[in-house]
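The lines below spell out each chain.
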Amino acid sequence: MNRREKHRHELALLASTGAYHMYDQWTRSLLPFVQWNLTPGVGMDNFIWLTAISTSFTLIGTFFVARLIEVMGLRNSAMISSAFVILYQFLVCQFTNLYVYIFLQSLLLFNNMQMIIDAAILNLESEDGDYKKRTRLITRIMIPQSIGYALGPYCALQMIFFVTPSLEISQALCGFLAIITLLPVIWNYFPDNPSTNLSLVPDFSGYFEALKSDNVKLYSLLLMMVTGPYTAYDSLLRNSMASSAIRDPNNMHNLFLTLGLTTVLVNTVLLPKLQTMISTQVLLSGSFSVLAGSYIYLAVFHDLIHLFIGMPVQVAAATICIGELSSQLMGAIGKRKAGTAASVLRMSQLAATLLVPFVHGTIVPHHDVVSLCLMSAALSGLAVVMVKKFGTSMVFSSEYLPGFSGKYD
């Protein structure tokens, strides 16, 4: 693949990432309102279990989509996955029956577009490629992802509060925009590398082989320690803010817009600068320390003004941790097993998300923000110890990191 083709494929990844996450967050922002209308009714304490059901289907789907990547190639896999997710976005607001809603969650077996994008990143780099170069591309991908995280909730809430209160119309528009913007980019510009001689039946031996590596196990565990606490807090906050959005939607608009802009700033300015100055091990231990501090701050201060202080810090630290750990994990598994590498990365985060309802509601009482934040701070502190003790194998090289304007060599 020459430099021009790499550049074209990279632009396609950036565009599809932004579009996909915008429509995904659009849908996620409306789900609390959908769940309120379900019959038979579902209490607030059970909303998180509905999220766990969705996550379970997505987690199961990682095995199939990973094999789909290796057999049908990146373009076909992305087209198939996106089509099923768009169908879900069209249908999820059309029914109010609880059991139909749960059945529709099965379409989220294909909600693994981010895994396909991760595999495409690994495909653009050689197996022995520079870790920092790979991290640069991962963090570039996180810029449109961050923009999507900001624009998705904003567009969804603007639609239902200021244009039409119909969830059905809002979601129909979301699905329609996905069809005319996301699918053409994937079909025309995504890299295509099918291997038709392989079977679609998942090969689980590859996962067991990958997990034999101590580095893979370490990076996967650390990813779970970032994603689990963040997802638990995010889920609690979204449900809490959605319940008050009818009275004052601007708070929800402004907070999620602030968080989205924070991740853009971190990925475009802060992280590239830090990567050229300090090693991956030091950067990760520092980020986990800041993450622990943000949870302690959020445990002490609960007012809205403090959310606008503590949460951007939390999101910034989590963004750095996820970007660095994703690069290390994918590099440890290698390009030849791109589907497996992307699947392990995706499963690490989904498994942490799936554990949330068992912690939040059993070990930690529902809506107990203080206990949840203190537990999250403790996990982040433990991660600091693990990075310092076991993270000596993390590779540092700034040779290929001239900033986000850098070119492929």
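Scroll up a little and you will see the structure.
What you are looking at is a predicted structure, and each value in this text was computed from that prediction instead of being measured.

About the thresholds
Residues numbered from 1 in each chain as written. Predicted model: local features only at pLDDT ≥ 70, side-chain atom pairs only at ≥ 80, totals over all residues. Heavy atoms only, no water. Phe/Tyr/Trp six-rings, centres within 6.5 Å; stacked < 30°, edge-to-face > 60°. Helix = DSSP H or I, 4+ residues; strand = E, 2+ residues; numbered from the N terminus. Buried < 20%, exposed > 50% of the residue type's maximum accessible area, 1.4 Å probe, protein only. Lys NZ or Arg CZ within 6 Å of the ring centre and 35° of its normal. Contact = heavy atoms within 4.5 Å. Expected span 1.5 Å × (residues − 1). Core = buried A, V, L, I, M, F, W, Y, C linked by side-chain atoms within 4.5 Å. Domains from an automatic or database assignment. Patch = residues over 30% accessible without salt bridge, like charges linked within 9 Å, V, L, I, M, F, W, Y side chains within 5 Å. Areas by Shrake-Rupley, 256 points an atom, 1.4 Å probe, with all protein chains shown as cover. Salt bridge = Lys/Arg side-chain N within 4 Å of Asp/Glu carboxyl O. Axes fitted to C-alpha atoms, helices over the stretch in contact; angles between N-to-C directions. Parallel < 35°, antiparallel > 145°, perpendicular 65-115°, else oblique. Left-handed = near helix turned anticlockwise from the far one by under 90°. Nonpolar A, V, L, I, M, F, W, Y, C, P; charged D, E, K, R; others polar. Polar contact = N/O pair within 3.5 Å; in protein donor to acceptor, adjacent residues only side chain to side chain.

Asker: I'm lost on the packing of aromatic side chains in this one. Help?
Answerer: Aromatic ring pairs are described here by two measures, namely the spacing of the ring centres and the angle between the planes. Per the counting criterion, the structure on display carries four aromatic pairs. With 4.1 Å between their ring centres and 10° between their planes, Phe84 and Phe110 make a pair best called stacked. Of this pair, Phe84 sits in helix 2 (residues 47-91) while Phe110 sits in the loop between helix 3 (98-104) and helix 4 (113-124), and the two are 26 residues apart along the sequence. On the basis of relative accessible area, Phe110 is assigned to the buried category, the value being 13%. Measuring from centroid to centroid gives 4.9 Å for Tyr297 and Phe301, while their planes differ by 45°, and the two rings are tilted. In this structure Tyr297 comes out as partly exposed when scored by relative accessible area, which is 23%. In this structure an aromatic cluster arises from ring pairing among Phe64, Phe84 and Phe110. Directly above the ring of Trp187 sits Arg75, whose terminal nitrogen or CZ lies 5.7 Å from the centroid.

Asker: Looking at this model, I keep getting lost on the environment of Thr340. Mind explaining?
Answerer: Mapped onto the fold, Thr340 is located in helix 12 (residues 338-359). Along the backbone, Thr340 and Met115 are 225 residues apart, and their C-alpha atoms lie at a distance of 9.7 Å. Beyond its immediate stretch of four places on either side in the chain, Thr340 contacts Glu70, Gly206, Tyr207, Ala210 and Ile333.

Asker: Mind showing me how you'd approach helix 10 (residues 280-300) here?
Answerer: Owing to its 3.6 residues per turn, the α-helix brings residues three or four apart onto one side. End to end, helix 10 covers 30 Å across 21 residues, agreeing with the expected 30 Å (1.5 Å per residue, within 8%). Those residues of helix 10 that fall on the buried side of the exposure criterion are Thr280, Leu283, Leu284, Ser285, Ser287, Phe288, Leu291, Ala292, Ser294, Tyr295, Leu298 and Ala299.

Asker: Sorry if this is basic, but what is going on with the nonpolar core here?
Answerer: The nonpolar side chains of a soluble globular protein tend to be buried, and buried together. Membership of the largest hydrophobic core comes to 100 residues, with the highest contact counts inside it found for Phe190, Leu222, Phe288 and Leu325. In terms of domain composition, this core takes at least three residues from each of domain 1 (1-190) and domain 2 (211-397). Membership of the second largest hydrophobic core comes to five residues, among which are Val266, Leu271, Leu283 and Ile320.

Asker: Help me out: how do you make sense of unusual backbone geometry in this one?
Answerer: The general pattern is negative phi for most residues beyond glycine and trans for most peptide bonds. In this chain, Thr39 is followed by Pro40 through a cis amide linkage whose omega measures -5°. Mapping Pro40 onto the fold places it in the loop between helix 1 (3-36) and helix 2.

Asker: It is not clear to me how a nonpolar patch on the surface should be interpreted in this structure. Could you clarify?
Answerer: On the surface, a nonpolar cluster with roughly 410 Å² of combined accessible area is contributed by Ile296, Val300, Phe301, Val370 and Leu374. The set of elements that each furnish at least two residues to the nonpolar patch consists of helix 10 and helix 13 (369-390). Within the fold, Phe301 resides in the loop between helix 10 and helix 11 (304-333).

Asker: What is the right way to read helix 13 from this model?
Answerer: Relative to the 32 Å expected for 22 residues at 1.5 Å per residue, helix 13 spans 31 Å between its end C-alpha atoms, a close match to the ideal helical length. The complete set of buried residues in helix 13 reads Leu372, Cys373, Ser376, Ala377, Ser380, Ala383, Val384, Met386 and Val387.

Asker: What's the story with the pattern of salt bridges in this structure? I'm lost.
Answerer: For side chains bearing opposite charge, pairing can occur when the charged atoms are close. Taken as a whole and judged by the stated rule, the model has two salt bridges. Note that Arg28 is salt-bridged to Asp24, the shortest N-O span being 2.8 Å. You can see Arg28 and its partner Asp24 sitting in helix 1, four residues apart, about one turn around the helix. Between Asp214 and Lys217 there is a salt bridge; the shortest N-O distance is 3.6 Å. With Asp214 and Lys217 both in helix 8 (residues 214-245) and three residues apart, this pair spans about one turn of that helix.

Asker: What am I meant to see in the packing of helix 1 against helix 4 here?
Answerer: A pair of packed helices can be characterised by two numbers: the angle between their axes and the separation between those axes. The interhelical angle for the contact between helix 1 and helix 4, taken along N-to-C directions, is 165°, at an axis separation of 11 Å. Judged by the angle between their axes, helix 1 and helix 4 are roughly antiparallel. Considering the relative orientation of helix 1 and helix 4, their crossing is left-handed. Note on element contacts: helix 4 touches helix 1 through Met113, Gln114, Ile117, Ala120, Ile121 and Leu124, opposite Lys6, His9, Glu10, Leu13, Ser16, Thr17, Tyr20 and His21. A per-class count over the contact of helix 1 with helix 4 returns seven nonpolar, five polar and two charged.

Asker: Teacher, can you tell me more about the side chain of Ser29 here?
Answerer: Within the secondary structure, Ser29 sits in helix 1. A polar side-chain atom of Ser29 sits 2.8 Å from the main-chain carbonyl oxygen of Gln25.

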